[in-house]
Amino acid sequence: MKGLQDIKAEIDQYVSSNNKTELEVVDALNKYYFNKAVTAEIKLYKKKKKKVAEITKDLKISHRRFYKILENKKVEFTKYNKSREDDEV
């Protein structure tokens, strides 16, 4: 528990020096480390060492959210059309 007390003390010190609340600081830290993990996973995805299913399972996000992240970061990926256009003709 000493580690948690140290973290709490660091957050309190940061809050006292800035105009943010504890929740805003924790949210910013969460976003930072999530983006860091996503960046590492995208590198593996680009090298074709990991599949989307494995990445989404590791990050605990949905496939749609991961594809949206790829789209925002302008990473190429294959889009599959679920509707069959061949059957309609």
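Residues numbered from 1 in each chain as written. Predicted model: local features only at pLDDT ≥ 70, side-chain atom pairs only at ≥ 80, totals over all residues. Heavy atoms only, no water.

Peer 1: I would appreciate a short explanation of the confidence of the model for the protein chain in the present structure.
Peer 2: Parts of the prediction with low pLDDT should not have their coordinates interpreted in detail. Per-residue confidence for the protein chain gives a mean pLDDT of 88; residues scoring 70 or more make up 93%. Mean pLDDT per element in the protein chain: helix 5 (residues 85-88) is the minimum at 58, and helix 3 (residues 52-59) is the maximum at 94. (pLDDT = per-residue confidence, 0-100. Helix = DSSP H or I, 4+ residues; strand = E, 2+ residues; numbered from the N terminus.)

Peer 1: What exactly am I supposed to notice about the packing of aromatic side chains here?
Peer 2: Centre distance and the angle of the planes are the two values used to describe a pair of aromatic rings. As enumerated under the stated definition, the model contains four aromatic pairs in all. Geometrically, the ring pair formed by Y32 and Y33 is edge-to-face, given 4.9 Å between the ring centres and 80 degrees between the ring planes. Of the residues examined, Y33 reaches a relative accessible area of 51% and is grouped as exposed. Taken together, the aromatic side chains of Y45, F66, Y67 and F77 make up a single cluster linked through ring pairs. (Phe/Tyr/Trp six-rings, centres within 6.5 Å; stacked < 30°, edge-to-face > 60°. Buried < 20%, exposed > 50% of the residue type's maximum accessible area, 1.4 Å probe, protein only.)

Peer 1: Could you clarify how one ought to interpret a positive patch on the surface in this entry?
Peer 2: Judged by side-chain charge, K43, K46, K47 and K49 come together as a positively charged surface patch. Tracing the sequence through the fold places K43 in helix 2 (residues 22-46). Of the residues examined, K43 reaches a relative accessible area of 54% and is grouped as exposed. (Patch = residues over 30% accessible without salt bridge, like charges linked within 9 Å, V, L, I, M, F, W, Y side chains within 5 Å. Areas by Shrake-Rupley, 256 points an atom, 1.4 Å probe, with all protein chains shown as cover. Salt bridge = Lys/Arg side-chain N within 4 Å of Asp/Glu carboxyl O. Lys, Arg positive; Asp, Glu negative; His and termini not counted. Charge placed at Lys NZ, Arg CZ, Asp CG, Glu CD.)

Peer 1: What is the right way to look at the layout of surface pockets in this model?
Peer 2: Empty space left among the atoms is revealed by rolling a probe the size of a water molecule over them. Reported here for the largest pocket is a volume of approximately 240 Å³. Together, Y45, K51, V52, A53, Y67, F77, T78, K79, Y80 and K82 line the largest pocket. Of the residues that constitute the lining of the largest pocket, the class distribution is six nonpolar, one polar and three charged. Its volume calculated, the second largest pocket comes out at about 190 Å³. Contributing to the lining of the second largest pocket are Y45, K46, K48, K50, K51, V75, E76, F77 and T78. (1 Å grid on protein atoms, 1.4 Å probe; cavity = no way out; pocket = protein on both sides within 12 Å on 5 of 7 lines; lining within 4 Å. Points joined across faces, edges and corners; volume = space filled by probe spheres on them. Nonpolar A, V, L, I, M, F, W, Y, C, P; charged D, E, K, R; others polar.)

Peer 1: How should I be thinking about the nonpolar core in this particular structure?
Peer 2: A general tendency of soluble globular proteins is for nonpolar side chains to be buried together. Residues V38, I42, Y45, V52, I55, L59, I61, F66, I69, L70 and V75 constitute the largest nonpolar core, which totals 11 residues. Elements that contribute at least two residues to this core include exactly helix 2, helix 3 and helix 4 (63-72). Setting aside residues up to four positions removed in sequence, I61 forms contacts with F34, T56, F66 and I69. (Core = buried A, V, L, I, M, F, W, Y, C linked by side-chain atoms within 4.5 Å. Contact = heavy atoms within 4.5 Å.)

Peer 1: For this particular structure, what's the right way to read the packing of helix 2 against helix 4?
Peer 2: Angle between the axes and distance between the axes are the two parameters that describe a pair of packed helices. For the pair helix 2 and helix 4, the least separation of the axes is 12 Å and the interaxial angle reads 85 degrees. By the angle class used here, helix 2 and helix 4 are roughly perpendicular. Contacts between helix 2 and helix 4 involve F34, V38, I42 and Y45 from the former and R65, F66, I69 and L70 from the latter. Considered class by class, the residues forming the contact of helix 2 with helix 4 number seven nonpolar, no polar and one charged. (Axes fitted to C-alpha atoms, helices over the stretch in contact; angles between N-to-C directions. Parallel < 35°, antiparallel > 145°, perpendicular 65-115°, else oblique.)

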